[in-house]
Amino acid sequence: MRSNDSPHSILRPVAPKEGRRNSMSAVHGLDEQPLHTDGAHLRRPPDWIALIVEKPNSTPTKLWRPQNGSRPVPWAALENGVFLVKNGSERFLASIKDVGRLRYDPTSMTPCDLRAVQAAAFFVTAEADVEEHPWIQENEILLIDNRKALHGRKEVTDPADRSTRVVHRLAFQTEKP
Amino acid sequence: MSKPWDPDALFLKAKLFVNHAMDEEGRQFDEQALWASLALELLAKAALARVSPVLIAVPTEEGHSLLVASGLVDGDVRFTSVQAKTLFARCARAFKPFSEKESKAIAAARNDYLHAAAPAFTPIPPDAWWPRFWAQAQILVNACDRVLEDLVGSDRVGIVDDHLTKNKQNIEHRREMLIERARQRLGLYQSGQMRAPEAQQWTQHRPGDLTAGLSYSGSADCPACGDSGTLEGEDVESAKHEFERVHEDDYDDWMELTVGSEYFSCDRCRLVLDSYELVDSAELPPTFEITTQVGDYWEPEYGND
């Protein structure tokens, strides 16, 4: 997702060398994606993400919300840890939780202090608490509140999914800046 | 890109530096104090830039930074901000009771530590340094219309509150010490028990020797001996133009000024309270009134009549 991209994009699982430069696919390829919010590298990330899948496939999307799991969320670290956000040549500082929203993508955000390191470590352990959304119906829509939940694609293990798992993503704002 | 004067970006960077100062990563006090002193400068910038970015721009002949900060020029002109000492001087005028003296001491220690051979950040022990640092940082956080929690997080507010409580106690202890010593000195002199060199110095004192020479002065009862002492201040908080009809076609006019109290001295017991905090702690009036000639304060509007 780039600042000048259309709100509608089409996502397909690809190997790292096939991924767009500086993209999550270029880093993680067909492996499992880390938990993230979309557009975390943008000044103003989208509020909502709609993922639309035409055909069923065997690669689920994982979701994490603060109420997932039994381990306590280290809110102090999420609110006060400072990350360096990299987006091409642009750099800015941000915390994971700010002004009522979550912003996190370990691929574009580097922890700058101890609390940020603790926050990043938390989301590694939070992988154990995700909910998996399987794509089992045709024309299925998954609506994600990108301000309150993290998501990621599980590892692509079925070779067929490389051609059949086509996800239409709609990213949009509902709040005024 | 963030504008270099974006107050929110400056505040967030200050937060990062404060995190470095407070993170439990085994840093020595010198390094913690270094990060904290850098954060103080950023907080000063954020507080001033929030009012106007021009307040932190370097005023060169060409005015590049001023033009960029005022929005008149857009582009890749490099923005340069003023030095820490200028920032702190401006904050002292704009955000009372921010102390120029305290903040410049912090900046000077930082410069010595960074640029000179000073092996330690400051000879002041950490237990005494942190309360003084937080007393200043807190004022700037407030000037940014934020609360301490925004800077350090709710889990660390207690640590800062402890330092601030200690700072208040330190000021109270210092006030008690100064007042007690002034009373003691006066008592020794009056009873003839003062040592000869001190007594000689005492008698050489002239009224006004202890004043700070600030622009405005008034009087207040000395908290040590009860005699009338001198309150001084630099900043006029309010001004009122008064006039009285003295004849049918003649008026007298004058200015009544309310000035913030910053310094107190007493010629009788030689008490000196040299900061707003000490003046406040001694329960001296926070402001004083003076009357001055109109021309001393402002020049009336021109009229071609």
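Our subject is the structure listed above.
In this convention, every chain numbers its residues from 1, walking through the sequence in written order. Whichever chain is written first becomes A and whichever ligand is written first becomes 1, with later ones labelled in order. Totals for whole chains, interfaces and linings use every residue, but because this is a predicted model, local features are given only for residues with pLDDT of at least 70 and side-chain atom pairs only at 80 or more, for both listing and counting. In computing side-chain properties, one takes all heavy atoms of the structure into account and sets aside hydrogens as well as water.

Trainee: Help me out: how do you make sense of the overall build of chain B in this one?
Mentor: Elements are defined by DSSP. Helices are runs of H or I of four residues or more, strands are runs of E of two residues or more, and each kind is numbered from the N terminus. If you tally the helices and strands in chain B, you get eleven helices and seven strands. In terms of principal-axis extent, the alpha carbons of chain B reach across some 65 × 65 × 35 Å. Within chain B, buried positions represent 40% of all 305 residues. A separation of at least 24 residues holds for 63% of the contacts in chain B among residues at least 6 apart in sequence. Accessible surface area values rest on a Shrake-Rupley calculation with a 1.4 Å probe, where residue burial reflects the displayed protein chains alone. With an accessible surface of roughly 17,000 Å², chain B has 47% of that area assigned to carbon and sulfur atoms. Charge assignment: positive for Lys and Arg, negative for Asp and Glu; neither His nor the chain ends contribute. Note on charges: their place is set at NZ of Lys, CZ of Arg, CG of Asp or CD of Glu. The averaged location of the 52 negative side-chain charges in chain B is 8 Å from the averaged location of its 30 positive side-chain charges. Accessible area is worked out with a 1.4 Å probe on protein chains only. A residue is then buried under 20% of its type maximum, exposed over 50%, and partly exposed in between. What makes two residues a contact is simply this: any of their non-hydrogen atoms within 4.5 Å.

Trainee: Could you clarify how one ought to interpret the pattern of salt bridges in this entry?
Mentor: As a working rule, side chains carrying opposite charge can pair if their charged atoms are close by. We define a salt bridge as a contact between a side-chain nitrogen of Lys or Arg and a carboxyl oxygen of Asp or Glu at a distance within 4 Å. For the coordinates displayed, the defined rule picks out 30 salt bridges over all chains. A salt bridge links Glu32(A) to Lys154(A), with the shortest nitrogen-to-oxygen separation between them at 3.7 Å. Pair noted here: Glu32(A) is in the loop between α1 (24–28) and β2 (48–53) and Lys154(A) is in the loop between β11 (150–153) and α4 (161–164), with a separation of 122 residues, a long-range link. Residue classification places Glu32(A) among the partly exposed residues on the basis of a relative accessible area of 31%. Given a relative accessible area of 18%, Lys154(A) falls into the buried group. Glu176(B) is the partner of Arg175(B) in a salt bridge, and the nearest nitrogen-oxygen pair spans 3.4 Å. Residue classification places Arg175(B) among the buried positions, given a relative accessible area of 18%. Look at Glu176(B) and you get partly exposed, because its relative accessible area is 42%. One connected set of salt bridges, linked through shared partners, spans Glu32(A), Lys62(A), Glu127(A), Glu132(A) and Lys154(A).

Coordinates in, geometry out; function isn't part of it.
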